[in-house]
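Secondary and tertiary structure notes
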Amino acid sequence: MRILVSGGAGFIGSAVIRYLIKNTNCEVANVDKLTYAGNLESLASESDSARYHFYQVDICDGVALDAVFAEFKPTAVVHLAAESHVDRSIDGPSEFIQTNIVGTYSLLEATRRYWSGLPAEAKSAFRFHHISTDEVYGDLEGTDDLFTETTPYAPSSPYSASKASSDHLVRAWQRTYGLPVLVTNCSNNYGPYHFPEKLVPHVILNALAGKPLPVYGDGSQIRDWLYVEDHARALVEVVSKGQVGETYNIGGHNEKRNLEVVETICALLDELVPLEARSYKELITFVKDRPGHDRRYAIDASKIERELGWVPQETFETGLRKTVQWYLDNREWWQRVLSGEYQLGRLGGD
Ligand code: NAD
């Protein structure tokens, strides 16, 4: 396969590219605008591979996308490029509408222009795989309910509403134009190379710096957590074996309260880099809750398990331990993110 990955310099996209270069013979094109969330240092070893190609392109730019399609000639698109941080979407929704909705539209149209001109066999083998989130389903009321692929959409934040819109566009492009699409909706990811604004790395790095560990409200919001490398493997399974037109929910069977996540990180740090006579838990600080904050998300991932044989390899305990250890072992990566140095190369600096 020749896979065009949009958003390949981000947290999940870079995990997908690392997986593809290491475990398959695929040619990979990384199409990324390099916003603040894009970091080519997450692909330091992959960028030496002759099978890796990088295009600094905004997915809203149809002309630039046409040139990438013409040159790279993909057999599949794996679409991850997005604005992804809920808090930022509340402070400024505009970029979310632009990239997540208009950008997805623009990528769908560039794909359709290219795909329409393919010979019949290549046309039917082609795939457009859209990566979405469980947040499109909104808040779960019952404590035992799970999101399935047929749960109605009820997004709560500008982020999840923009993702929901993009999911609808992708499905409409199949129904109307016959584009062979796949959609996956995944729960919260965590793992190596995660941008420090997100909960897990934020807590690890604040703890190491002796700073407060902010927890929204009373910390009782429940999320289902999946180790990012399990997600990357699931995405490769779906794009290579998934049924066209189908949606697959992806989750880790790891429902945890936010406070529990923070406390588990503290316990791991207490074990791995202990403080003298106190616990990292003493840094936990409760802060005003996020507006519109959903209480509970939980995924039923039985369809992808049954139909494609995918199951997560990491439990929350093993995955979180690996993650904390990775941040301890890779200080240079996150120190360059915190200092802004990771952006210097792209600005022409040194
Ligand atoms: P991220 O913010 O880490 O990375 C996004 C990437 O997209 C960055 O490299 C950025 O430079 C790029 N990008 C942004 N706007 C662009 C544009 N206009 N043109 C080209 N590139 C652009 O995000 P992530 O956490 O890796 O998430 C990837 C995808 O997975 C998103 O679509 C997100 O909605 C979805 N998702 C994320 C999670 C999660 O827990 N992180 C869970 C489920 C689904």
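Here the structure is a predicted model, which is why all the values come from computation and not from measurement.

Moving on to the overall build of the chain. Helices and strands together make up the secondary structure of the chain, namely 12 helices and 12 strands. Computed over its C-alpha atoms, the radius of gyration of the chain comes to 20 Å, within 12% of the 20 Å expected for a compact globule of 350 residues. Overall size of the chain, expressed as C-alpha extent along the three principal axes, is 70 × 50 × 40 Å. For the chain, long-range pairs separated by at least 24 residues make up 81% of all intrachain contacts whose partners lie at least 6 apart in sequence. Of note, the chain has its 34 positive side-chain charges centred 3 Å away from the centre of its 48 negative side-chain charges.

All right, on to the packing of aromatic side chains then. Counted according to the given criterion, the structure contains 17 aromatic pairs. With a centroid separation of 6.1 Å and 80 degrees between ring planes, the pair formed by Y105 and W173 is classed as edge-to-face. Here Y105 is found in helix α4 (residues 94-116), whereas its partner W173 is found in helix α6 (residues 158-177), with 68 residues between them in sequence. Look at Y190 and Y227: their rings are 5.7 Å apart centre to centre, the planes differ by 65 degrees, and that puts the pair in the edge-to-face class. Linking Y190 in strand β7 (residues 188-190) with Y227 in strand β9 (residues 222-227), this pair joins segments that are 37 residues apart in sequence. Clustering of aromatic rings is evident, with ring pairs tying together Y137, F147, Y153 and Y297. Stacked on the ring of F72, the Lys or Arg R2 has its end atom at 4.5 Å from the ring centre.

Another point: the nonpolar core. In this structure, L20, I250 and I304 are the most contacted members of the largest nonpolar core, which totals 34 residues. The residues contacting I304, other than those within four sequence positions of it, are A234, V238, Y248, N249, I250, G309 and W310. Counting 33 residues, the second largest nonpolar core, distinct from the first, contains F195, V261, I284 and L328.

Moving on: the layout of surface pockets. As a volume, the second largest pocket reaches approximately 320 Å³. What lines the second largest pocket is a set of 13 residues, among which R18, Y19, K22, N23 and E229 lie closest to the centre. Per element, the largest residue contribution to the lining of the second largest pocket is five residues, and it comes from helix α1 (residues 11-23). Taken together, the residues of the lining of the second largest pocket break down into four nonpolar, two polar and seven charged.

With that out of the way, let us pick up the pattern of salt bridges. For the coordinates displayed, the defined rule picks out 17 salt bridges. Ionic pairing is found between E314 and K322, a salt bridge with its closest N-O pair at 2.6 Å. Judged by relative accessible area, which is 15%, E314 ranks as buried. Across the pair E341 and R336 runs a salt bridge, and its minimum N-O distance is 3.8 Å. Taking relative accessible area as the criterion, E341 reaches 33% and is therefore assigned partly exposed. The class for R336 is partly exposed, based on a relative accessible area of 24%. Several salt bridges share partner residues, and in doing so they unite E41, R336 and E341 into one network.

When a strand is regular, its side chains alternate between the sheet's two faces. With five of six residues buried, strand β2 (residues 27-32) is to be regarded as a mostly interior element. Examined bridge by bridge, strand β1 (residues 2-6) and β2 share five bridges and lie parallel to one another. Paired with L4 across the strands is A29, a residue of β2. Following the chain from β1 across α1 to the adjacent parallel β2, one finds a crossover that is right-handed.

Cut-off values and rules
- Residues numbered from 1 in each chain as written.
- Predicted model: local features only at pLDDT ≥ 70, side-chain atom pairs only at ≥ 80, totals over all residues.
- Heavy atoms only, no water.
- Helix = DSSP H or I, 4+ residues; strand = E, 2+ residues; numbered from the N terminus.
- Rg over C-alpha atoms; globule rule 2.2 N^0.38 Å.
- Contact = heavy atoms within 4.5 Å.
- Lys, Arg positive; Asp, Glu negative; His and termini not counted.
- Charge placed at Lys NZ, Arg CZ, Asp CG, Glu CD.
- Phe/Tyr/Trp six-rings, centres within 6.5 Å; stacked < 30°, edge-to-face > 60°.
- Lys NZ or Arg CZ within 6 Å of the ring centre and 35° of its normal.
- Core = buried A, V, L, I, M, F, W, Y, C linked by side-chain atoms within 4.5 Å.
- Buried < 20%, exposed > 50% of the residue type's maximum accessible area, 1.4 Å probe, protein only.
- 1 Å grid on protein atoms, 1.4 Å probe; cavity = no way out; pocket = protein on both sides within 12 Å on 5 of 7 lines; lining within 4 Å.
- Points joined across faces, edges and corners; volume = space filled by probe spheres on them.
- Nonpolar A, V, L, I, M, F, W, Y, C, P; charged D, E, K, R; others polar.
- Salt bridge = Lys/Arg side-chain N within 4 Å of Asp/Glu carboxyl O.
- Pairing = 2+ DSSP bridges.
- Right-handed = clockwise from strand over helix to strand, strands pointing away.

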